[in-house]
Every structure is written in structure tokens, then in C-alpha cells.
Amino acid sequence: MNVSGLIHFFLFPGLLFAVPAGWFYVWGERKAVARMQRRIGPPLLQPFYDFVKLLGKRTPSRHGIEADLLRLWPALSVLSMIGAIAMLPVFPSGRGFSGDAVLLVALLELPSICFILAGFTSGSIYGEIGAIREAVLSVANNLVFLLSIVTIAVTERTFRLSDMAGGSWNPGHWIGVFGILLCIPAKLRLNPFSTSSAEQEIYSGPLTEYAGAALAMWELAHGLEWVALTGFVATLVVPASGPWWFHALFFVVASFAQVMLLSTIAAATARFTLQRAIRFYWRWAAVLAVLVVCSTIYMRYRW
Amino acid sequence: MNLIKRLMHRCRRKSPFLFHLNTGSCNGCDIELVTCLSPRYDVEQLGIHLEGSPRHADILCITGPVTRNTLEAVKTVYSQVCEPKAVVALGSCPASCNVFAGSPVIAGPLSKHIPVDVYVPGCPPHPDAMIEGIARAAQILASRGVSARAKGEPQR
């Protein structure tokens, strides 16, 4: 691994940037929802306070393979998210981890799979119901998510992330970005797709049995998911030319703009039932996505 | 080391997660507790968050006079909240059984079964009083965590 790869992993946009940014985005979402409900909302450092406090809780002792697995899932989520963030081509011309979109999709999907497995491992009935809901929702939104990425890949004729990045003027590229934006609320478990951790029905879903440091890791993974998903869209729309500081600034500003957009949607909508959520993705979004992929492939071979 | 202790004290005080348990309350105190989350009182600015699972909680808010049917649930939920923890008794019922005192189906008051840190009397208490009680419980929680560490208590 070269030096720039290490910088991407540990400094920017990796560990040193992503962890505070994740807390900041989580705070931004909570604050924006509070302001829209005419409340004052939490202080800026609230996610940090929550994280440190959870680290200091004494957790019940568990033994055996189940205990190890329950600790493994949040750790795996955090690691995969930092890997995904380090792969993002924030600087279109620069060399970071040179990976392609398939690896990024796999890393982005890991937290969701860990979330499902955590629900089943915990043995709690609420955890299992939450895990089933998350699994079904993940199948529903991933169809659209993958088709959107395929649309961008076919338009740009590559699966390399650094070549896909940058806003080109091709309409296929922008429809793909729109499709990814449609999937982000479900991937972040925000309203109206928050059915897998619906507090009023199944307590905390798969995280019901979690406490202390392991729960803190889940909170961290959730913050990093915000950074990774909004950052992925930001790298797809960033202008290709410009100095490095402009790209870094654009990455942060575009991500935060998406946080505000997503929290507005979350505050303005109620929770969909599972069937409605699937119907949304499979009936409307998927039909649109298939049409776009077909037309993009047709256009590519005609030219 | 001192710095870490002070940071932990501050974080515990600033982020109390609540778990609300109804032990046969008439629902008056429950409605007033939920009012605290509304725009008018907005407890989220103190970092207070109502949690769905007792495992996530720091402060156990108990309403109601503890009926015989709910006694086991109270003990179970109390043991499920991880240390350091605090208990707030909301309303007159958990403090004194209120008008239900002497009834054969009441196992209260609450302090007979689990240690209570803060009482918020009233029937129902005003949301302002509830917020003050929870804020005081957060203070107790923070100092309790630090002193338990200093004594070198074994991890459970």
C-alpha cells in the first residue's frame, strides 16, 4: 500500500475525518428534525457524549460463541465502513485506494448484513422481527441501488470508481445518482423506511439486547454509514476539474446538503409498513431503474 | 486519568437515556412524561432520550403504585439496566401508594423493592418538576459512576 492509500485510510476521508464527520451528520439530522418541530434540539457534542457514556457502561457478562459474535458484528460494520469511506475518490485525479464499484457496494452492504445477523444472534424476539424486516427491506432497496450503479457504470463505460466520479453531462449518470439518493433513506433506516428499528413496535429491533461499548460501536457505524453513503453521492456529482481544496470542500458541503435533505424527508413523513416500502421500491423505483438501464445499454450500442 | 474521569462525569451528566416503566399507573404521569418530549418542554436539549430497551438506559423512570402483577417486572427491568444507573419515582404513587395505600393488590411503595434515587411527588407532577428530577438523577448517576470506579468495584 502506498503512502496516499494510508492517508486516505487514516486521515482524509478515512478515520480522522470520518468519525467526527459521522457524529456531526448525526447531530445535524437530529438538530434539523428538532428545528422543524419547533424544538431547540441537542447540543453540538451530543453524539460524542452518548458515545463516551456508552463506553463507560458496565455490560452484563456473556459467555460462549454468542458473546463473541455479538461483539464481532458491530466491529465488522465499523471496519467495513471505514474501508468504504477510504475508497471514495474524493479527489478525482488523485490516487487513493484504487478500487472499483463492486468492492464499494460489497463494503456498503456489510453493515446491513451484520445488523440482520446481530438480530438473529441476540435471540431476542424483537431482534428477530427487526432482522427479518431489515432483510426484506435490504432485498427491496438493493435492486434499485445496484441498477442505479449499473446505469452509471454503463454510461461511463467503466466500473472503476475514479472514472465513475465527477459529474458528467450524460443524463444516464444523473438518473443513476437520483436512484442512489432514493435508496439512501432505506439504507440509513430513516423515516419513512425505519420499520426495522421501529421503536414503538419492536423496541430497538436487532439492537434491543445490545448495551455499553458494543452499542457505542453500532452508533459509530451508523454515523460512518452517513458519511459513506452521502460521500459516495458527493463524489459522483463533484466537478472533475479544480484544485484539491475545492474537491475536499465540495465533498463536505455536498454531503451535508444531503443530510439536510434526508432529515427534511424524515421529519415530513411517517413510517411505511414493510409492504408499502417494498411496493415503493419494486413497483415504482425498480420499473424506472430497469427502463433506464435498458435505454442506457441501447444508447451505448447505437453509438 | 483524572481527565478521563472528568470527561466521563461530564458525558454521563449530559446524556441520560431514560426507560419508562408503568407499574399500574392511572396513565396521568405517563402522559406528563411524554409531554416533556414535546416542543414546549423539549428535553432533547439536555441530551435526554427515551429508549425502547432497558439495556440502553441509564435512568429508570417508574410511575404507578407497583401492583402485585407488575412487581416481578419491576425487579427484572431494574436488573436489566446496566450500571451505573439511577431510579426516578414519578408521581405520588411509587412514593406512598397515594390513594391506593392499603389495597390488597398493591405491593408498593417502590422503595420496599428497589433503591430509589429521586422522588418527584405530585398527582401528576408538573413536567417542569419531572425534568428537574431527571436532571438531578443525571447528576447522581454521574457522581455514582466516578465513585464506583474509584473504589475499584469489580466489573459485573
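Residues numbered from 1 in each chain as written. Chains lettered and ligands numbered in written order. Predicted model: local features only at pLDDT ≥ 70, side-chain atom pairs only at ≥ 80, totals over all residues. Heavy atoms only, no water.

Which parts of the structure should I look at to understand the interface of chain B and chain A?
For interface size, the figure often reported is the accessible area lost on association. Each side of the interface is counted separately: chain B has 33 residues, and chain A has 31 residues. Carbon and sulfur atoms supply 52% of the area that chain B and chain A bury against each other, a total of about 2,800 Å² over both sides. Run the count over chain B and chain A and you get six salt bridges. Here Asp 58 of chain B makes a salt bridge to Lys 57 of chain A, at a shortest N to O gap of 2.7 Å. Our enumeration of links across chain B and chain A arrives at 20 residue pairs in polar contact (both at pLDDT 80 or more). Looking at the side of chain B that touches chain A, the elements with two or more residues in it are helix H1 (2-14), strand S2 (49-50) and helix H5 (127-150) of chain B. Considering each element in turn, the side of chain B that touches chain A owes the most residues, six residues, to H1 of chain B. Classifying every residue of the side of chain B that touches chain A gives eleven nonpolar, ten polar and twelve charged. (Contact = heavy atoms within 4.5 Å. Buried area = accessible area lost by both parts, 1.4 Å probe. Salt bridge = Lys/Arg side-chain N within 4 Å of Asp/Glu carboxyl O. Polar contact = N/O pair within 3.5 Å; in protein donor to acceptor, adjacent residues only side chain to side chain. Helix = DSSP H or I, 4+ residues; strand = E, 2+ residues; numbered from the N terminus. Nonpolar A, V, L, I, M, F, W, Y, C, P; charged D, E, K, R; others polar.)

Would you take a moment to explain the sheet that holds strand S5 (residues 118-120) of chain B for this structure?
Strand pairing in a sheet is mediated by backbone hydrogen bonds. Such pairs are either parallel or antiparallel. Residue and element names in this part refer to chain B. With parallel pairing, five strands are arranged side by side in an open sheet as S2-S1-S3-S4-S5. Each edge of the open sheet is held by one strand with a lone partner, namely S2 and S5. One ladder, built from five bridges, connects strand S1 (residues 17-22) with strand S3 (residues 59-63); its direction is parallel. The residue bridging His 20 from the neighbouring strand is Cys 61, located in S3. (Pairing = 2+ DSSP bridges.)

Any chance you could explain the pattern of salt bridges here in plain terms?
Think of it this way: side chains of opposite charge can pair up when their charged atoms draw near. Under the criterion given, the structure shown has 16 salt bridges over all chains. For Asp 50 of chain A, the salt bridge identified is with Arg 30 of chain A, shortest N-O distance 3.5 Å. Taken together, the residues Asp 50 of chain A in helix H3 (residues 46-55) and Arg 30 of chain A in helix H2 (residues 15-36) connect sequence positions 20 residues apart. The salt bridge involving Arg 39 of chain A is made with Glu 44 of chain B; its shortest N-O contact spans 2.6 Å. Taken together, the positions of Arg 39 of chain A in the loop between H2 and H3 and Glu 44 of chain B in the loop between helix H2 (28-35) and S2 put the pair across two chains. Here Arg 39 of chain A falls in the buried class, since its relative accessible area comes to 10%. (Buried < 20%, exposed > 50% of the residue type's maximum accessible area, 1.4 Å probe, protein only.)

Could you clarify how one ought to interpret the confidence of the model for chain B in this entry?
Close reading of the predicted structure is inappropriate where its pLDDT is low. All names here are of chain B. Put simply, chain B has an average pLDDT of 87, and 92% of its residues get 70 or more. Under a pLDDT of 50 for its full length, residues 149-156 has, in the predicted model, eleven contacts with residues more than four places off or in other chains. Scored as a complex, the prediction yields pTM 0.88 and ipTM 0.87. (pLDDT = per-residue confidence, 0-100.)

I tried to follow the environment of Val 88 of chain B on my own but got confused; where do I start?
Residues and elements named next belong to chain B. When you line up the elements, Val 88 lands in strand S4 (residues 86-90). As a C-alpha pair, Val 88 and Val 120 span 32 residues in sequence and 7.4 Å in three-dimensional space. Discounting residues that sit within four places of it in the chain, Val 88 has contacts with Ile 59, Leu 60, Cys 61, Ile 62, Val 118, Val 120, Gly 133 and Ala 137.

What exactly am I supposed to notice about the pairing of S1 of chain B here?
Side-chain direction in a regular strand flips from residue to residue, so the side chains alternate between the two faces of the sheet. Residue and element names in this part refer to chain B. Of the strand pairs in this sheet, S1 and S2 are connected by two bridges, and their pairing is parallel. Looking at S2, one finds that Leu 18 is bridged to Leu 50. As for the winding sense of the linkage, the β-α-β connection from S1 through H2 to S2 is right-handed. (Right-handed = clockwise from strand over helix to strand, strands pointing away.)

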